[in-house]
Amino acid sequence: HATVCLYGQTGTGKTFTTDSLMALALEDLYAGLAAASPRAAEVGLSVLEVYNENVYDLLGDQRDRPLRVLDPGAGAGAPGGARASSVVEGLQELSVESLEEMQEFAAFAKAQRAQAGTKLNERSSRSHVLFRIRVQMDSGPSGESATDATLTFVDLAGSERVSESCAEGLRLKET
């Protein structure tokens, strides 16, 4: 499991860098899956947005409806009493068959993201977005172990000083 998280001031290229890193990682992932044949693999994608303290599914049918985050608490469902992961109720994970399909879904999700102009950036991302790519692979005929891995790309909304961005109203609330 791995997470790539980008954070910084508005207009510094976080979204561009996230898109570039994700494209390279996906090309490598699908090349690796092709080389791992005949092992059966399943790849899934989910994309969630956190905007003004609400969570939205950018691939779901009801993108305007906030989702609930369920926190199971310490020890719930985790071995040895470790803290179990939070779950986003209703977040869809789409099954993805090819690199091209993955790129299409990612582009669709990106187009749903909250954006608005500020003094610092005319197309500023106003939300945090998590692209979660899950890979499950069966054990191989030569005794390879089964794989269940997750790669998450986190593109955080830019940080900006209100005095520099001249944010007012909704833009100020987003900051």
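Novice: Before we go on, may I ask you to explain the overall build of the protein in this structure?
Specialist: If you tally the helices and strands in the protein, you get four helices and 10 strands. For the protein, the succession of helices and strands along the chain, N to C, is β-α-β-β-β-β-β-α-β-β-β-β-α-α. When the 175 residues of the protein are sorted by exposure, 34% land in the buried category. Within the protein, counting contacts between residues at least 6 apart in sequence, those at least 24 apart form 63% of the total. Here the protein has roughly 10,100 Å² of accessible surface; of this, 51% comes from carbon and sulfur atoms.

Novice: Just to check I follow, could you spell out the pattern of salt bridges for this structure?
Specialist: Tallying each qualifying case throughout the model produces six salt bridges. Residues Lys110 and Asp19 are paired through a salt bridge, measuring 2.4 Å at the closest nitrogen-oxygen approach. With Lys110 in helix α2 (residues 99–112) and Asp19 in helix α1 (residues 14–35), this residue pair connects regions lying 91 residues apart in the sequence. With a relative accessible area of 35%, Lys110 lands in the partly exposed category. Among the salt bridges present, the one from Asp155 reaches Arg113, with a minimum N-O distance of 2.7 Å. With a gap of 42 residues between them, Asp155 in strand β10 (residues 147–155) and Arg113 in the loop between α2 and β7 (115–116) connect regions that are remote in the sequence.

Reading guide: rules and limits
- Residues numbered from 1 in each chain as written.
- Predicted model: local features only at pLDDT ≥ 70, side-chain atom pairs only at ≥ 80, totals over all residues.
- Heavy atoms only, no water.
- Helix = DSSP H or I, 4+ residues; strand = E, 2+ residues; numbered from the N terminus.
- Buried < 20%, exposed > 50% of the residue type's maximum accessible area, 1.4 Å probe, protein only.
- Contact = heavy atoms within 4.5 Å.
- Areas by Shrake-Rupley, 256 points an atom, 1.4 Å probe, with all protein chains shown as cover.
- Salt bridge = Lys/Arg side-chain N within 4 Å of Asp/Glu carboxyl O.

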